[in-house]
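# Fold and geometry: a report
One-letter residues, chain by chain:
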Amino acid sequence: MSDKTEQLINILKHIGEAIIATTNTVEKLAKKINDISEKIERQEHQIQQQGYQIFALTESVQTLVDSQNESKEQLTRLTNILRTLVTSTTSSNQLQ
């Protein structure tokens, strides 16, 4: 073989090795990107679930606040009725 043929063979060999190395690098990068994409999807799902949980918790707290307000109003009415009753009884006892 001539020197030029050997040089061409060496150049082609180096090009082939570079292509194989680049292909391996690209494949590894693609796998890493795919893994990251899957992790992001799982995190998005978790965030969505947490959003639903926060919404449900907010609704529960609002229901509790509404209930507490209603109870407070009922206690205020009961207190007023008891005051009226005590005042009425005290007035009745003073008249006797």
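Details of the structure are given in the entry above.
Report follows, based on the coordinates. Within each chain, residue numbers correspond to sequence positions counted from 1 in written order. Local features in this predicted model are restricted to residues whose pLDDT is 70 or higher, and side-chain atom pairs enter the listing and the counts only when it is 80 or higher, whereas totals over whole chains, interfaces and linings include all residues. Only heavy atoms go into the side-chain values, all of them from the structure, while hydrogens and water stay out.

## A few points about the overall build of the protein chain
Rules: In this text, helices come from DSSP runs of H or I with a minimum length of four residues, and strands from runs of E with a minimum of two, each type numbered from the N-terminal end. Our radius of gyration looks at C-alpha atoms and nothing else; its globule reference is 2.2 Å times the residue count to the power 0.38. Partly exposed describes any residue whose relative accessible area lies between the buried limit of under 20% and the exposed limit of over 50%, with all areas from a 1.4 Å probe on protein chains only and scaled to the type maximum. Shrake-Rupley sampling with a 1.4 Å probe provides the accessible areas, and residues are treated as covered by the protein chains on show and by no other component.
When you go through the protein chain residue by residue, the secondary structure sums to one helix and zero strands. Expected size for 96 residues packed as a compact globule is a radius of gyration near 12 Å; at 41 Å, the protein chain overshoots this value by more than 25%. Here the protein chain, with 96 residues, has 0% of them falling under the buried criterion. When the accessible surface of the protein chain is summed, it comes to about 9,100 Å², and 60% of that surface belongs to carbon and sulfur atoms.

## Quick look at a nonpolar patch on the surface
How we decide: Any residue with relative accessible area above 30% and no salt bridge may belong to a patch, with like charges joined within 9 Å and the nonpolar Val, Leu, Ile, Met, Phe, Trp and Tyr side chains within 5 Å. Definition used for salt bridges: Asp or Glu carboxyl oxygen within 4 Å of a side-chain nitrogen of Lys or Arg.
Nonpolar side chains collect at one region of the surface, where Leu-8, Ile-11, Leu-12, Ile-15 and Ile-19 lie side by side and expose about 500 Å² of accessible area between them. Considering the arrangement of structural elements, one finds Ile-11 in helix α1 (residues 3-95).

## A look at the pattern of salt bridges
Under the criterion given, the structure shown has one salt bridge. Asp-35 is the salt-bridge partner of Lys-31, the closest N and O atoms lying 3.3 Å from each other. Taken as a pair, Lys-31 and Asp-35 lie in helix α1 at a separation of four residues, close to a single helical turn. When its relative accessible area of 52% is taken as the criterion, Lys-31 is described as exposed. When its relative accessible area of 30% is taken as the criterion, Asp-35 is described as partly exposed.

## Overview of the environment of Leu-82
In this structure, Leu-82 sits in helix α1. When the C-alpha positions of Leu-82 and Met-1 are compared, they lie 118 Å apart, and in sequence the two are 81 residues distant.

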